[in-house]
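Okay, here's what each chain looks like letter by letter:
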Amino acid sequence: ILNLKDPSKNWYAPAVKYCAIHLASFLKRDLDVPAAEIVIIPSSTKGNVSAGLEKIVQAICRNDKRFSYTRGTLSRHTTIEKLATGGDRSLQVHLDSMSYKLNAGEPKTKIILDDITTSGNSLGGAITVISQVDQSFTYIPVVLGKTTHD
């Protein structure tokens, strides 16, 4: 999963392919919905999204027409300190730094995708921010990995 972070590295493309295959398999096998929008949790930097996650989602959408993705529907309007390097993991930091742009005709089911979760507050913040725009959505949070601490 960490290999998705740096597109300049040799292991980036194989990591994207591996994750796309396994996530697509999971969605096909375990998700029985007629349509869903995949929403990527934005990076900590204003306006950024993980290039690796975006490539994974684009591959899934090309191969399974039930799924759609529009870049920037969920965005970070304020840069926050990187969580992996000690940034504030509170729910409030996500609520204060993310926004959601509603698009006409979009699916009511949202797959909220994050690469790695520790506290779950990025996911919770995203769902809360989107719910403030439209409370009729159904959410399916999906993460590729979870950090653990000894």
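If you're wondering where the values come from, they're calculated on a predicted model, not measured in any experiment. (Residues numbered from 1 in each chain as written. Predicted model: local features only at pLDDT ≥ 70, side-chain atom pairs only at ≥ 80, totals over all residues. Heavy atoms only, no water.)

Visitor: Account for the nonpolar core, with residues named and values stated.
Guide: Looking at soluble globular proteins, one finds that nonpolar side chains tend to be buried together. Core analysis: the biggest nonpolar cluster contains 26 residues, and Ile38, Ile56, Phe67 and Ile111 have the highest contact counts within it. Contributing elements (two or more residues each) for this core: helix H1 (12-30), strand S1 (36-40), helix H2 (51-63), strand S5 (109-117) and strand S6 (138-146). Non-local contacts of Ile38, meaning those with residues more than four positions away in its chain, are made with Val57, Ile60, Cys61, Phe67, Ser68, Tyr69, Ile111 and Leu113. Ranked by size, the runner-up nonpolar core spans 12 residues in total, among them Ile41, Leu74, Ala126 and Tyr139. (Core = buried A, V, L, I, M, F, W, Y, C linked by side-chain atoms within 4.5 Å. Buried < 20%, exposed > 50% of the residue type's maximum accessible area, 1.4 Å probe, protein only. Helix = DSSP H or I, 4+ residues; strand = E, 2+ residues; numbered from the N terminus. Contact = heavy atoms within 4.5 Å.)

Visitor: Please set out the packing of aromatic side chains residue by residue, giving values where relevant.
Guide: How two aromatic rings sit relative to each other is set out by the distance from centre to centre and by the angle between their planes. Using the criterion set out here, one finds two aromatic pairs in the structure. Here Tyr100 and Phe137 contribute two aromatic rings whose centre-to-centre distance is 6.4 Å and whose plane-to-plane angle is 75°, an arrangement assigned as edge-to-face. With Tyr100 in strand S4 (residues 98-100) and Phe137 in the loop between helix H4 (121-133) and S6, the pair connects residues that are 37 residues apart, well separated along the chain. The same class applies to Tyr100 as to Phe137, namely buried. When the ring of Phe137 is compared with that of Tyr139, the centres are 6.5 Å apart and the planes differ by 80°; the resulting orientation is edge-to-face. The class of Phe137 is buried, set by a relative accessible area of 7%. Among the aromatic residues, those joined into a ring-pair cluster are Tyr100, Phe137 and Tyr139. (Phe/Tyr/Trp six-rings, centres within 6.5 Å; stacked < 30°, edge-to-face > 60°.)

That is the geometry; function is a separate question.
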